[in-house]
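# Summary of the model geometry
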Amino acid sequence: MQTQAKSLIDKLGLDVRLLGMIGALVVIWVVFGVFTDGRFLSPRNFFNVSVQSASVAVMATGMVFVIVTRNIDLSVGSLLGFIGMATAALQVQVLPDFLGLGHWSIWIIAALFAIAMGATIGAFQGWIIGYLTVPAFIVTLGGFLVYRGAMWWVTQGQTQAPLDPTFRLLGGGAEGTLGETVSWAFGLFASVAAVAMMLLSRRRKASHGFTVKPAWAEGILMAIAAGLIMCFVWIMNSYPIPKGAMKRMTKAQGIEYTDGMVWNHGVAIPVLILLVVAIVMTIIARRTRFGRYVYATGGNPEAAELSGINTRLLTVKVFALMGALTGIASIIASARLNAVDVGLGTLDELRVIAAAVIGGTALSGGAGTIYGAVIGALIMQSLQSGMASVGVDAPLQNIVVGIVLVFAVWVDIVYRRRTGA
Amino acid sequence: MNTQTPLVEMRDMQISFGGIKAVDHVSVDLYPGEVVGLLGHNGAGKSTLIKILSGAYAADGGEIYVNGERAEIHNPRDARKYNIETIYQTLALADNLDAASNLFLGRELVTSFGTVDDDAMEAECRKIMGRLNPNFQKFAEPVSALSGGQRQSVAIARAVYFDAKILIMDEPTAALGPHETQMVSELIQQLKSEGIGIFLISHDIHDVLELCDRASVMKNGELVGTVDVKDVTDDDLLGMIILGKKPEGVEVS
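Residues numbered from 1 in each chain as written. Chains lettered and ligands numbered in written order. Predicted model: local features only at pLDDT ≥ 70, side-chain atom pairs only at ≥ 80, totals over all residues. Heavy atoms only, no water.

### Description of the side chain of asparagine 71 of chain A
All names here are of chain A. With respect to the helices, strands and loops of the structure, asparagine 71 is situated in the loop between α3 (43-68) and α4 (76-99). For asparagine 71, a relative accessible area of 15% gives the class buried. Engagement of the side chain of asparagine 71 in a polar contact is seen with the side chain of threonine 69, the distance being 3.3 Å. In contact with asparagine 71, not counting residues within four places along its chain, are Val66, Ile129, Ala136, Thr315 and Phe319. (Helix = DSSP H or I, 4+ residues; strand = E, 2+ residues; numbered from the N terminus. Buried < 20%, exposed > 50% of the residue type's maximum accessible area, 1.4 Å probe, protein only. Polar contact = N/O pair within 3.5 Å; in protein donor to acceptor, adjacent residues only side chain to side chain. Contact = heavy atoms within 4.5 Å.)

### Describing the domain arrangement of chain B
Residues and elements named next belong to chain B. Along its sequence, chain B is carved into domain 1 (1-83 + 165-253) and domain 2 (95-163). Taking the mean C-alpha position of each, domain 1 and domain 2 sit 27 Å from one another. At the junction of the two partners, domain 1 supplies 12 residues and domain 2 supplies 13 residues. For the pair domain 1 and domain 2, the two sides together bury roughly 990 Å², of which 57% comes from carbon and sulfur. Per-residue buried area on domain 1 facing domain 2 is highest for Arg80, Met183 and Leu187; these three make up 43% of the total on that side. Where domain 1 meets domain 2, there are zero salt bridges. (Domains from an automatic or database assignment. Buried area = accessible area lost by both parts, 1.4 Å probe. Salt bridge = Lys/Arg side-chain N within 4 Å of Asp/Glu carboxyl O.)

### Observations concerning the packing of aromatic side chains
Evaluation of the coordinates by the stated rule reveals 13 aromatic pairs over all chains. Consider the rings of phenylalanine 104 of chain B and phenylalanine 162 of chain B, whose centres lie 5.8 Å apart with planes at 85°: the pair is edge-to-face. One end of the pair, phenylalanine 104 of chain B, is in the loop between α3 (99-103) and α4 (118-132); the other, phenylalanine 162 of chain B, is in the loop between α5 (148-161) and β7 (166-170), and 58 residues separate them in sequence. Ring centres of tyrosine 161 of chain B and phenylalanine 162 of chain B lie 4.9 Å apart, and the angle between their planes is 80°; on these two criteria the pair is classed as edge-to-face. According to the relative accessible area criterion, tyrosine 161 of chain B is partly exposed, its value standing at 24%. Overall, the relative accessible area of 19% leaves phenylalanine 162 of chain B in the buried class. Ring pairs connect the aromatic residues Phe65, Phe290 and Tyr295 of chain A, which therefore count as one cluster. The lysine or arginine in question, arginine 11 of chain B, covers the ring of tyrosine 65 of chain B, its NZ or CZ lying 4.1 Å from the ring centre. (Phe/Tyr/Trp six-rings, centres within 6.5 Å; stacked < 30°, edge-to-face > 60°. Lys NZ or Arg CZ within 6 Å of the ring centre and 35° of its normal.)

### Thoughts on the pairing of strand β2 (residues 20-30) of chain B
Residue and element names in this part refer to chain B. Pairing analysis gives seven bridges linking strand β1 (residues 8-17) to β2, with the strands arranged antiparallel. When the bridges of β2 are listed, serine 16 appears paired with lysine 21. Once β1 ends, the chain turns through two residues before running back antiparallel as β2, passing glycine 18 with a positive phi of about 55°. (Pairing = 2+ DSSP bridges.)

### Structural notes on the interface of chain A and chain B
How big an interface is tends to be reported as the loss of accessible area on association of its parts. Between chain A and chain B, the contact holds 24 residues from the first and 28 residues from the second. For the pairing of chain A and chain B, the buried interface totals around 2,200 Å² over both sides, and the portion due to carbon and sulfur atoms is 54%. Our enumeration of links across chain A and chain B arrives at five salt bridges. At the level of secondary structure, the elements contributing two or more residues to the side of chain A that touches chain B comprise α8 (180-207), α11 (269-287), α12 (289-299) and α13 (301-306) of chain A. Of all the elements, α12 of chain A adds the most residues to the side of chain A that touches chain B, at six residues.

### Regarding the layout of surface pockets
Residue and element names in this part refer to chain A. As a volume, the second largest pocket reaches approximately 650 Å³. Looking at the lining of the second largest pocket, the elements that each hand over two or more residues are α3, α14 (311-337), α15 (348-358), α16 (370-390) and α17 (394-419). Here the residues of the lining of the second largest pocket are counted per class, giving 13 nonpolar, nine polar and three charged. (1 Å grid on protein atoms, 1.4 Å probe; cavity = no way out; pocket = protein on both sides within 12 Å on 5 of 7 lines; lining within 4 Å. Points joined across faces, edges and corners; volume = space filled by probe spheres on them. Nonpolar A, V, L, I, M, F, W, Y, C, P; charged D, E, K, R; others polar.)

### Structural notes on the nonpolar core
If you look at the biggest cluster of nonpolar residues, it comprises 77 residues, and the most contacted ones within it are Met63 and Phe65 of chain A. When sequence neighbours within four positions are dropped, the list of residues in contact with phenylalanine 65 of chain A reads Met281, Ile284, Ala285, Phe290, Val294, Tyr295, Val318, Leu321 and Ile370 of chain A. Among the nonpolar cores identified, the runner-up in size contains 51 residues, and Ala99, Val160, Leu200 and Leu237 of chain B belong to it. (Core = buried A, V, L, I, M, F, W, Y, C linked by side-chain atoms within 4.5 Å.)

### Remarks on the pairing of strand β10 (residues 222-228) of chain B
Sheet faces and side chains relate simply in a regular strand, where the side chains alternate between the two faces. All names here are of chain B. The buried fraction of β10 is high, at five of seven residues. In this sheet, β10 lies alongside strand β9 (residues 214-219) in antiparallel orientation, the contact comprising six bridges. When the sheet's bridge partners are listed, alanine 215 is paired in β10 with valine 227. A loop of two residues connects β9 with β10, the two strands running antiparallel in sequence, and asparagine 220 in this loop sits at a positive phi of about 50°.

### Thoughts on the sheet that holds strand β3 (residues 35-39) of chain B
Residue and element names in this part refer to chain B. Strand order in the open sheet formed by six strands is β6-β7-β8-β3-β9-β10, and the pairing between neighbours is mixed. One side of each edge strand has no neighbouring strand; the edge strands of this open sheet are β6 (84-87) and β10. With direction set aside, neighbouring strand axes in the sheet form an average angle of 15°. In this sheet, β9 lies alongside β3 in parallel orientation, the contact comprising four bridges. By the bridge assignment for β9, leucine 38 is matched with serine 216. (Axes fitted to C-alpha atoms, helices over the stretch in contact; angles between N-to-C directions.)

### A closer look at the packing of α3 of chain A against α15 of chain A
All names here are of chain A. In contact at an axis separation of 8 Å, α3 and α15 are set at 65° when each is read in the N-to-C sense. One finds that α3 runs roughly perpendicular with respect to α15. Note on packing geometry: the crossing formed by α3 with α15 is right-handed. Counting all contacts with α3, which are made through Ser55, Val56, Met59, Ala60, Met63, Val64 and Ile67, the residues of α15 involved are Asp348, Arg351, Val352, Ile353, Ala355, Ala356 and Val357. The class makeup of the residues in the contact of α3 with α15 is 11 nonpolar, one polar and two charged. (Parallel < 35°, antiparallel > 145°, perpendicular 65-115°, else oblique. Left-handed = near helix turned anticlockwise from the far one by under 90°.)

Next comes the structure, spelled out in structure tokens:
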């Protein structure tokens, strides 16, 4: 039985580590589902978990590159707060004076500003690490303090709210989704794209005369991929928008609200952002020279250097990318809360690092996947939401998350030792 | 003895680390189709000298000429431009990547979209490994899963694949069994016949006597001398390595 399962996994070419993480996630969901009489497995909860995971997951994809190159970034939580506060002040206090309140371009300017600010600060940290050779731990520990302090300075500690209405959509909520119809279209498009990618890859491999998976195995994988995507869309499309929001939305669209009218949420915009980030980051990791050099440098810095890779500049780029992703995460986090106070992003650096590490990123460098980090973030958020809904008090939540982190890394170490990878 | 232009000439090279002269006014040269052995104890400066040529270290003084023209080598990319390829003693492989990724590291094949073309690289890797080490099959695994000899053949493939004109081999057989050592000897003969110049760093005198045309001996960062291998015995070479003594009755340059 065991060997049969193993040979099936081999034939399908599945990653055992991926299966393990998905398995852990499913176990967490089922256990909390049982303890909450199924409330945890409701579309509403899946929608909330997906939105709440987005900000940390976006940063975790960048943290993979940082940790793979044998660095660490302790500053992302503070940086998220600093960017969030500066971006909020920009759209609340500065831009309305020039463009008028509610101008259509405010959200675009604010979003680009957040990303550019993150990339610039990240690049600066990377420069100190790469060229001045100050250890990343110290540089980003310094950044951790500097940005939290600088955040206060932006507005003398004043909370900034409310944010631009269009900008707010980037954080989710009833309005910040694709809506039912577009979500179905998106699901179809994504399924077709996934199947097309698999077919193309298969054809390319065959054209070089490599052995490819048996057709039935490829078919099963395609069915699983398309099935998971459509299933996700279906769940998101099963969460009805609450009455209050419905009345607001119908009014805004000039439709008369009647009792019994049901609109569903659909895929949230921050989740869409996360999906795009995860796909782009996966392409960067696997299909670009930059990504190849990130992994080569993590595996053997000296060899990378001797192969003509400019590892210092690479460090700058990795931290700039981390900064840009922190900017995106900051947009999601501030838009979701529709306000920025001086506490925004507190402890996020630890959640991000934990997500990357639970997702199989090795602190010794050279190994880590983007999908792992995203699933890691989902596991963390599911644990936290689950415990909250069961009524576990906050101190115990932290204790459990801490233990799970250490346990997950130990399992990963044992797995690596067994497989020799 | 040779009137043609040397492939490489390193003149008066110097480099110091923290006040210690690791390479002290050393000059060596290499002609096409020639194998020059670099001999000396650990710490004699042979690896350091060669790392200047491969771009890993920047020299404090001295000049490098490639085909008679002054060459500026500041980093490994520069060295590669002059078709100087190096097989390091440590092999310089990224253990977490597969053979093809290591083979093309820093010089990836790309598709028309500018993305790395893993399939094309694997196909090329299969071709060259088929030539160098036909038993090699582990193309999908990271090189950490390979044996010492297999790793060595990946490192050699990397140097040979890119049309090296000048090949530096730092202790290429140190980690190999007899069968693989034989393979490396045959490869050296073959490359030599293709007109490639090879610097062979070794502390095994028999390797040098068997494979090299000339030998340059270093001691304490200085060049003891360069001799024609057929003019000397292993005792002569040992005298140069251990005592820094030039053999009598032999032309030493």
